[in-house]
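Chain and residue survey
Single-letter residue listing:
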Amino acid sequence: MDLAANLDAHERMIRSVEQATRRLASSGNIDALLQDVLAICVTAVGASGGTMYIHDERNRRLVFRHVLPEAVRERLPFKDIPDDFGVAGKVFQSRKIEITELTQQRAGETGEIEAAVGIVTKSMITAPLNMEGEEPIGVVQLVNKVEGCFSETDAAVLDTVAAVSTMAILNSRLTDEATRASTLLGMGKVSHDIGNLAASLYANISFSELAMDGLKTQLKDSNAEEGSQLYVESLQSMLEELKESVDRIVGYSHLISDLSAGKELRPNFKFAPLGNTIQTSAAYLEAEGHKNGVALRYDIEKDGPATLHDDLFVFRMVQNLVGNAIKAVRETAPEDWRETVDGEEDAVLGEVVIRYRFAGGKHVIEVHDTGPGMTREVIERILSGNARSEWAKASGSGWGMRIVKELAATHDAQLEIESEPGTGSTFRVALPHRQG
């Protein structure tokens, strides 16, 4: 390599690292940061585009996160690969940058990805996202240098940029985990207090049941009028519902305590139908919906077969999804909406539809909202567990959806999201059928 080339490489490396440091330090969330990492890498080596994969250690797969140009995203035939598959897998395992020239050896051939996206790959440079002495966290694969071929100079530049980017990603993760730990610690303390209060309430309910039994006996022995008996039966029904509610509060406080302590979630599987649990959990939020001008609609298959599931976990998943859906619809309201419809008792801004059906051996729960919808990038952030609330009028930490993900995982359930800007969103949880 001549002196001019050395100087050029050195200058590009300094420029790229400065750019990376400046942009990565200002990223507000992990997904935006990953997007920046890919863009910086593409620019640093003069590539036409590229793809980023982040490693899923549990499933040993490289999961697709971003691609440039963006127009290619929807045409990709698959979203993740085994972590030892192809060039990306080889680089991930070896932790060594690899330059691949494909023009000669594949003349006339078109691979599956190329056929789908309509771009012929002539050359690639693939780099692990890692730092010295650390496990790699992913792979960046760049294609088709704009001028000339990828060189060792490009490899040196990319190696440095990848290391800086990896440090930024790991720091972002640590910050996120620290925030989570702080949030969950606070939730754990609150749940402990709630559990204590609920235990006290539970004791009072137990005493009330004894008192109710005594009252029923007294009325029966005194041949009380039929109206008095009806009042007692109504009170008995309300007492039973109150007891169920307290049971859920106690169970939920234990669940939050386990989450805050980082304990493995252990569902209490029981064989029962799902429909009633789903509708009841959503119904608890009808008052919240009404306050925000959101109507809750139900499309519940009543005769779906019983399946093994944790009633509390399903209850919590549905409530989190419906609560988020109400916030999404509320986001579409003009700032003065409440004043505009003041006095209109049943003013409706939008709706949330809760559906349940049994199909294809799966119990499918759907929550659809008529909110503003979301982009594919936001969907992927949610599914990866790295999304905070998108709604300015109903801020949140994003832990609600993370809890849904963790609860769904205990049932081997699939979580899917269908949405586009301006079309609303549908969140779908598909639980496999489990025989009792």
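Above this text you will find the structure in question.
Calculation notes
Residues numbered from 1 in each chain as written. Predicted model: local features only at pLDDT ≥ 70, side-chain atom pairs only at ≥ 80, totals over all residues. Heavy atoms only, no water. Helix = DSSP H or I, 4+ residues; strand = E, 2+ residues; numbered from the N terminus. Expected span 1.5 Å × (residues − 1). Buried < 20%, exposed > 50% of the residue type's maximum accessible area, 1.4 Å probe, protein only. Polar contact = N/O pair within 3.5 Å; in protein donor to acceptor, adjacent residues only side chain to side chain. Axes fitted to C-alpha atoms, helices over the stretch in contact; angles between N-to-C directions. Parallel < 35°, antiparallel > 145°, perpendicular 65-115°, else oblique. Left-handed = near helix turned anticlockwise from the far one by under 90°. Contact = heavy atoms within 4.5 Å. Salt bridge = Lys/Arg side-chain N within 4 Å of Asp/Glu carboxyl O.

With respect to helix H9 (residues 311-331)
Between its terminal C-alpha atoms H9 stretches 31 Å, which fits the 30 Å expected from 21 residues at 1.5 Å a residue. Within H9, 17 of the 21 residues are buried, which leaves it mostly tucked inside the rest of the structure. Measuring from the side-chain oxygen of the N-cap residue of H9 to the backbone nitrogen of Leu 312 gives 2.9 Å; that N-cap residue is Asp 310.

Some points on the packing of H9 against helix H12 (residues 399-410)
When two helices pack together, their arrangement is given by the angle between their axes and by how far apart the axes lie. Two elements in contact, H9 and H12, have axes whose closest approach is 9 Å; the angle formed by their N-to-C orientations is 150°. On the basis of the axis angle, H9 is roughly antiparallel to H12. The two elements H9 and H12 meet at a crossing, and its hand is left-handed. Here Phe 313, Arg 316, Met 317, Asn 320, Leu 321 and Asn 324 of H9 come into contact with H12, specifically with Gly 400, Met 401, Ile 403, Val 404, Leu 407, Ala 408 and Thr 410.

As for the pattern of salt bridges
This model, assessed by the stated rule, comprises 15 salt bridges. In this structure, Arg 376 engages Glu 380 in a salt bridge whose closest nitrogen and oxygen atoms are separated by 3.5 Å. Within this pair, Arg 376 and its partner Glu 380 are both found in helix H11 (residues 376-384), separated by four residues, close to a single helical turn. Of the residues examined, Arg 376 reaches a relative accessible area of 29% and is grouped as partly exposed. The exposure class assigned to Glu 380 is buried, which follows from its relative accessible area of 12%. Residue Asp 412 pairs with Arg 434 through a salt bridge whose shortest N-O separation is 2.9 Å. In this pair, Asp 412 is assigned in the loop between H12 and strand E12 (414-419) and Arg 434 in the segment after strand E13 (425-432), connecting sequence segments 22 residues apart. Several salt bridges converge on common partners, so that one network encompasses Arg 355, Arg 357, Glu 366, Glu 416, Glu 418 and Arg 428.

Regarding H12
The end-to-end C-alpha separation of H12 is 17 Å, in line with the 16 Å expected for twelve residues at 1.5 Å each. Along H12, the positions that sit buried rather than exposed are Trp 399, Met 401, Arg 402, Ile 403, Val 404, Leu 407, Ala 408 and Thr 410. Following H12 by one or two positions, Asp 412 has its phi on the positive side, about 55°.

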